[in-house]
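Letter by letter, the chains look like this.
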Amino acid sequence: MSEPGAHGAGVVVVGGSLAGLRAAEQLRAAGHDGPLRVVGEEPHLPYNRPPLSKEVLGDPGDSDLERLHGLVAFRRRASVADVDFVLGARVEGSDLEARKLRLADGTHLGYDGLVVATGLRPRRLDLPGPSLGRYVIRTLDDVITLRLRLAGATDPRVVVVGGGFIGTETACTLLKLGCDVTVVEPFGAPMERVLGADLALAVQRHLTAQGVRFLTGVGVSGFTGEAHVAGVTLSDGRELPADLVVEAVGSVCNTEWLEGNPGLDLTDGVLCDDRLRVVGASRTVAVGDIARFPNVLVDDVPRRVEHWSIPTDTAKRAAPTLVALLRGEEPDTTPFVPVPSFWSDQLDLRFQSFGSPGLADEVELAEGDLDRLADGVLALYHRTVAGERRHVGTVAVNLPPKRQRELRAAFLQPDLSKGTR
Amino acid sequence: MQITVDMKRCQDHGQCAIAAPDVFRINDEGRLEYEPTADESLRDEVEEAADVCPVQAIALLDG
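Caption draft 1: How the structure looks around the overall build of chain B. What chain B contains, in helices and strands, is 2 helices and 4 strands. N-terminal to C-terminal, the α/β element order of chain B is β-α-β-β-α-β. The C-alpha radius of gyration computed for chain B amounts to 10 Å, which stays within 12% of the reference 11 Å derived for 63 residues, consistent with globular compactness. Its C-alpha atoms put chain B at 30 × 20 × 15 Å along the principal axes. Counting over 63 residues, chain B shows a buried share of 59%. Sequence-distant contacts in chain B: of pairs separated by 6 or more residues, those separated by 24 or more amount to 58%.

Printed below as a string of structure tokens:
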């Protein structure tokens, strides 16, 4: 391994998922032709996570790791053929002043430039009761573990804790697999934080009619059973029988390895400026859903964005920023105005979102009928910023894909955006 | 530049048609149509289309 901070140590990307891969590709595209290393904690080459709760969980074939990884592995551009992917390696600590990382095996790794791309991990419920039989869906290994458990069960009763997008998608996939599924969501209707109350309630009615049970406005206080989960205790005292539980209750930022470096703001992910420079560190950028950055599409408040498009968008901006910093140049000052987007498939519904609907204070039903979601609905999300009502998000349900271009174009600001099309 | 789309994997999300409208389009039936070869000058937008495909069905054969 190189000497700490030695010139020629190249760039190290910490994090080996979509954000890490896109960072490596974009560093090459931005002209970094020196050494480039991606350090990932998982033993697998980068793969696409959204299909995990849908196609991979629902895949009718065997649970062979290589086969399932093949379904979701990212293609790698020729430009990253010489990138060193260090897999199964966890970075445990760092000294950004000395440009040195400490790995779990005790070795150290120096760098000239650093990309923070360690993303998130699922939050786990810290509640009394057995831990066996409780699953999460974040990694390929998580889903394989769940698949193997399901393969040994007949019509299992599943309780999904958390009615966000991952919880609801998972519930829909499990229903199709023949499970008896109940979603427990303490906040409100499924995905209400993003969709708003009216659309979320409509989705709840739609999915309920097809067999997904929802218990909303009630929390989970513990699990029953001896060694293995046998049920879920609700905060109102009720008990639900459960052969297994899926926890989909949000995520935690993987920033522990950055703790102890003075000047960093790690209160929610890693605070960055609008060029993705990590505030308080030199020659360091952040990419993906760990990066907290301002987007003038909404206002000037830095936020993390957990949408699938963000690793790619942030990599396209962070890479040229880092290359400029390594050359001692001032990074491009053009505002960074990405248009976040994500999709979700739930039984016969396909959601497509542009912008940040979750930031809205007002929802407008622009097209369709909330009692006939499958026929197509368009919701527009507005937020009042400094007295001005702004269109900040769009959610389309079952609208023809031809419409997407126009829906996304509503957020493009040609005078501002660069590299965000 | 040669382009292939794994049509068994494609779910007609249409993100590619936003990124590279010269190469990919969604027809009136809502299905993807695309040009199997494209000029090198379109590489950036085809790379972008491949990047943003939700199911990662797009491959560039020579690059």
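What follows picks up the thread again.
Caption draft 2: Seen up close, empty space enclosed by the protein. Residue and element names in this part refer to chain B. One pass over the full model with this rule turns up 1 cavity of 30 Å³ or more. Considered as a void within the structure, the largest cavity measures approximately 100 Å³ in volume. Lining the largest cavity we find 15 residues, and of these C10, H13, G14, C16 and C53 sit closest to its centre. Its residues assigned to classes, the lining of the largest cavity comprises 10 nonpolar, 4 polar and 1 charged.

Caption draft 3: Molecular detail of the packing of helix α3 (residues 65–72) of chain A against helix α4 (residues 140–151) of chain A. All names here are of chain A. Two elements in contact, α3 and α4, have axes whose closest approach is 11 Å; the angle formed by their N-to-C orientations is 130 degrees. Here α4 runs oblique to α3, going by the angle between their axes. The handedness of the crossing between α3 and α4 comes out as right-handed. Residues L65, R67, L68 and H69 of α3 lie in contact with α4, whose contacting residues are L140, D141, I144 and R147. Its residues assigned to classes, the contact of α3 with α4 shows 4 nonpolar, 1 polar and 3 charged.

Caption draft 4: Fine view of the interface of chain A and chain B. Each partner contributes residues to the interface: chain A has 26 residues there, and chain B has 27 residues. Both faces combined, the contact of chain A with chain B buries some 2,100 Å², and carbon together with sulfur accounts for 41% of it. Taken together, the connections running from chain A to chain B amount to 7 salt bridges. Of the charged contacts, one joins E48(B) and K316(A) as a salt bridge, the two residues approaching to 2.7 Å between their closest N and O atoms. There are 16 residue pairs in polar contact (both at pLDDT 80 or more) connecting chain A and chain B. Elements that contribute at least two residues to the side of chain A that touches chain B include exactly α1 (18–29), α3, α8 (310–326), β21 (341–346), β22 (349–355) and α9 (404–409) of chain A. Classifying every residue of the side of chain A that touches chain B by side-chain character gives 7 nonpolar, 7 polar and 12 charged.

Caption draft 5: Highlighting the sheet that holds strand β5 (residues 100–103) of chain A. Residues and elements named next belong to chain A. Taken together, the 3 strands give an open sheet; going across it, the order is β4-β5-β6, and neighbouring strands pair in antiparallel fashion. Two strands lie at the open edges of the sheet, namely β4 (91–95) and β6 (108–110), each paired on one side alone. Strand-to-strand twist of the sheet, defined as the mean angle between neighbouring strand axes without regard to direction, takes the value 25 degrees. Summarising the sheet, β5 and β6 pair through 3 bridges and their orientation is antiparallel. Residue pairing in the sheet places L101 in a bridge with L109 of β6.

Caption draft 6: Region of interest: the sheet that holds strand β3 (residues 84–86) of chain A. Residues and elements named next belong to chain A. Ordered by their spatial adjacency, 5 strands build an open sheet running β3-β2-β1-β7-β19, and the pairing between neighbours is parallel. Looking at which strands have only one partner, the edges of the open sheet turn out to be β3 and β19 (284–286). Here the strands of the sheet are splayed against their neighbours by 20 degrees on average, with no regard to which way each runs. Two strands pair when backbone bridges link them, and strand β1 (residues 11–14) and strand β2 (residues 36–39) are joined in this way by 4 bridges, in the parallel orientation. Its bridge partner lying in β2, V12 is registered against R37. Across the sheet, α1 is in contact with β1, β2, β3 and β7 (113–116); its angle to β2 comes to roughly 175 degrees.

Caption draft 7: Region of interest: the packing of α1(A) against α8(A). All names here are of chain A. Packing of α1 against α8 leaves a shortest axis separation of 8 Å and a crossing angle of 45 degrees. Overall, the two elements α1 and α8 adopt an arrangement that is oblique. Here α1 runs over α8; the crossing is right-handed. On α8, the residues that touch L18, A19, R22, A23, Q26 and L27 of α1 are P311, T312, A315, K316, A319, L322 and V323. For the contact of α1 with α8, the residue count by class is 9 nonpolar, 2 polar and 2 charged.

Caption draft 8: The pairing of strand β11 (residues 180–185) of chain A, seen in detail. Residues and elements named next belong to chain A. Most of β11 is tucked away: 5 of the 6 residues are buried. Bridge count for strand β10 (residues 157–161) against β11 is 5 bridges, and the pairing is parallel. Residue V160 lies in a different strand from β11, and its bridge partner there is V183. At this point the chain moves from β10, through helix α5 (residues 165–176), to the parallel β11, and the crossover so formed is right-handed. The sheet contact formed by β11 and strand β12 (residues 213–216) spans 4 bridges and is parallel. Bridged to V183 within β12 is F214.

Caption draft 9: Local environment of the pairing of β22(A). Residues and elements named next belong to chain A. Here β22 lies mainly inside the structure; 6 of its 7 residues are buried. Taken together, the 6 bridges between β21 and β22 define a ladder with antiparallel strand orientation. Counted as the bridge partner of F342 is S353 from β22. With antiparallel pairing between neighbouring strands as the criterion, β21 and β22 make up a hairpin whose turn holds 2 residues, including L347 at a positive phi of roughly 50 degrees. Alignment of β22 against strand β25 (residues 388–397), held across 5 bridges, turns out to be antiparallel.

The rules behind the values
- Residues numbered from 1 in each chain as written.
- Chains lettered and ligands numbered in written order.
- Predicted model: local features only at pLDDT ≥ 70, side-chain atom pairs only at ≥ 80, totals over all residues.
- Heavy atoms only, no water.
- Helix = DSSP H or I, 4+ residues; strand = E, 2+ residues; numbered from the N terminus.
- Rg over C-alpha atoms; globule rule 2.2 N^0.38 Å.
- Buried < 20%, exposed > 50% of the residue type's maximum accessible area, 1.4 Å probe, protein only.
- Contact = heavy atoms within 4.5 Å.
- 1 Å grid on protein atoms, 1.4 Å probe; cavity = no way out; pocket = protein on both sides within 12 Å on 5 of 7 lines; lining within 4 Å.
- Points joined across faces, edges and corners; volume = space filled by probe spheres on them.
- Nonpolar A, V, L, I, M, F, W, Y, C, P; charged D, E, K, R; others polar.
- Axes fitted to C-alpha atoms, helices over the stretch in contact; angles between N-to-C directions.
- Parallel < 35°, antiparallel > 145°, perpendicular 65-115°, else oblique.
- Left-handed = near helix turned anticlockwise from the far one by under 90°.
- Buried area = accessible area lost by both parts, 1.4 Å probe.
- Salt bridge = Lys/Arg side-chain N within 4 Å of Asp/Glu carboxyl O.
- Polar contact = N/O pair within 3.5 Å; in protein donor to acceptor, adjacent residues only side chain to side chain.
- Pairing = 2+ DSSP bridges.
- Right-handed = clockwise from strand over helix to strand, strands pointing away.

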